[in-house]
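Structural overview for review
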Amino acid sequence: MKSTQSIGSHLVAEHNLQTVMGKRKWSFCSMAGICFVAFIFVNLGIWWLGPSWRAASYTRDLPPELLSHESVMLTSDSTPANPRDSNCTFHNFTCLEVYHCGYDDKSVISVYIYPIQQYYDEHGVDITPPMTREFQEILRTISQSPFYSKDPERACLFIPSVDLLHQNWIRPAQVSKILASLKWWNSGKNHLLFNMLPGTAPDFVNYLGVNTDKAMVAGGGFSSITYRRTFDVSIPVYNPLLEGVELPAKSHL
């Protein structure tokens, strides 16, 4: 009798265990299914919204004249920019047209920023370099300064709205075509590009590996050989991870 009761209890316990495991398995499958469906919808949403969603994410607080919704198509036949001119200096008027400067007696140097645009290849693939928060802050700072000019005809310097801060995130061949397609590119004369991390991992180099022609570069990786004196601008490499970190005072004496 006890044996029969023991067997019955064992069968009931096994049935209950299978029921619980079945419910857990069903719950897990349901959750996995929900996550999978959500993943599909999110990706479809990003694919559908695409450029407009990205544009909204990095164009906050910028002047309205910079928020262009125009699209530019570049093909395999589009002309790229010429290689970097290593002979450029401030006194070389073939690289810098100084007579463009001085229109505004108050600021002397006026700076024009190209409107932000989306670039596509002939297959409709977005080839616009991603815009970082740091580059957005650079554009915003310039646009809020007294040097900013809305008129390219009266500008001394031109800032392309193309994020080149981190070369590892861009495609040099496509960026070269983007630069050459700019309306006032003019072989890069009077243009200023920003770059902090030249080269690509793990072999970072000391110059921006993009065809920039006669454009000036404000960069953080120059060497005494690649830095063009009186022409390029050497800037410190910025690390956003150090924001809010109080570093001890350091004496250089």
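Residues numbered from 1 in each chain as written. Predicted model: local features only at pLDDT ≥ 70, side-chain atom pairs only at ≥ 80, totals over all residues. Heavy atoms only, no water.

In the annotation of an unreviewed UniProt entry, the chain is listed under the name Exostosin GT47 domain-containing protein and assigned to Biomphalaria glabrata.

Turning to the pattern of salt bridges, a few remarks are in order. In total, this model carries six salt bridges according to the counting rule given. Its salt-bridge partner being E97, residue K189 comes within 3.7 Å of it at the nearest N-O pair. Separated by 92 residues along the polypeptide, K189 in the loop between α3 (172–180) and β5 (192–195) and E97 in the loop between β1 (71–73) and β2 (111–113) bring together distant segments of the chain. Here the two residues K189 and E97 agree in accessibility, since each one is buried. (Salt bridge = Lys/Arg side-chain N within 4 Å of Asp/Glu carboxyl O. Helix = DSSP H or I, 4+ residues; strand = E, 2+ residues; numbered from the N terminus. Buried < 20%, exposed > 50% of the residue type's maximum accessible area, 1.4 Å probe, protein only.)

Here we come to the packing of aromatic side chains. Evaluated as defined, the whole model comprises six aromatic pairs. Considering the side-chain rings of Y112 and Y114, the 5.6 Å spacing of their centres and the 70° angle between planes classify their relative orientation as edge-to-face. Taking the centre distance of 6.4 Å and the plane angle of 45° together, the rings of Y114 and F158 count as tilted. Of the two residues, Y114 is situated in the loop between β2 and β3 (118–120) and F158 in strand β4 (residues 157–159); the sequence distance between them amounts to 44 residues. The exposure classification of Y114 matches that of F158, with both residues buried. Following the ring pairs from residue to residue traces out a cluster consisting of Y112, Y114, F158 and W184. (Phe/Tyr/Trp six-rings, centres within 6.5 Å; stacked < 30°, edge-to-face > 60°.)

Moving on, we come to unusual backbone geometry. In the Ramachandran plot, N186 falls in the positive-phi region, its phi being about 50° despite a non-glycine side chain. Structurally, the position occupied by N186 is in the loop between α3 and β5. Not every positive phi belongs to a glycine, and D213 is a case in point at roughly 55°. Mapping D213 onto the fold places it in the loop between β5 and β6 (216–219).

On to the side chain of D121, then. When you line up the elements, D121 lands in the loop between β3 and α2 (133–143). Buried within the structure, D121 lacks any salt-bridge partner; R171 is the closest side chain of opposite charge, at an N-O distance of 6.5 Å. Looking at D121, its side chain comes within polar contact range of the main-chain nitrogen of H123, at 2.9 Å. (Lys, Arg positive; Asp, Glu negative; His and termini not counted. Polar contact = N/O pair within 3.5 Å; in protein donor to acceptor, adjacent residues only side chain to side chain.)

Within α3, burial applies to V175, S176, I178 and L179. The buried residues of α3 occupy an angular sector of 160° when projected down its axis, which confines them to one face. Taken together, the buried residues of α3 touch β3 and β5. (Arc of directions from axis to C-beta. Contact = heavy atoms within 4.5 Å.)

Glancing now at the state of the cysteines. Summed over the entire model, instances satisfying the criterion amount to two disulfides. With its sulfur 2.1 Å from that of its partner, C88 forms a disulfide with C95. Disulfide C88 to C95: torsion about the S-S bond roughly -75°, handedness left-handed. Between the sulfur of C101 and that of C156 lies a disulfide, 1.8 Å long from S to S. Note on the C101 and C156 pair: the S-S dihedral is about 55°, so by sign convention the disulfide is right-handed. In this pair, C101 sits in the loop between β1 and β2 while C156 sits in the loop between α2 and β4, placing the two residues 55 residues apart along the sequence. Owing to a relative accessible area of 26%, C101 belongs among the partly exposed residues under this scheme. (Disulfide = S-S within 2.5 Å.)

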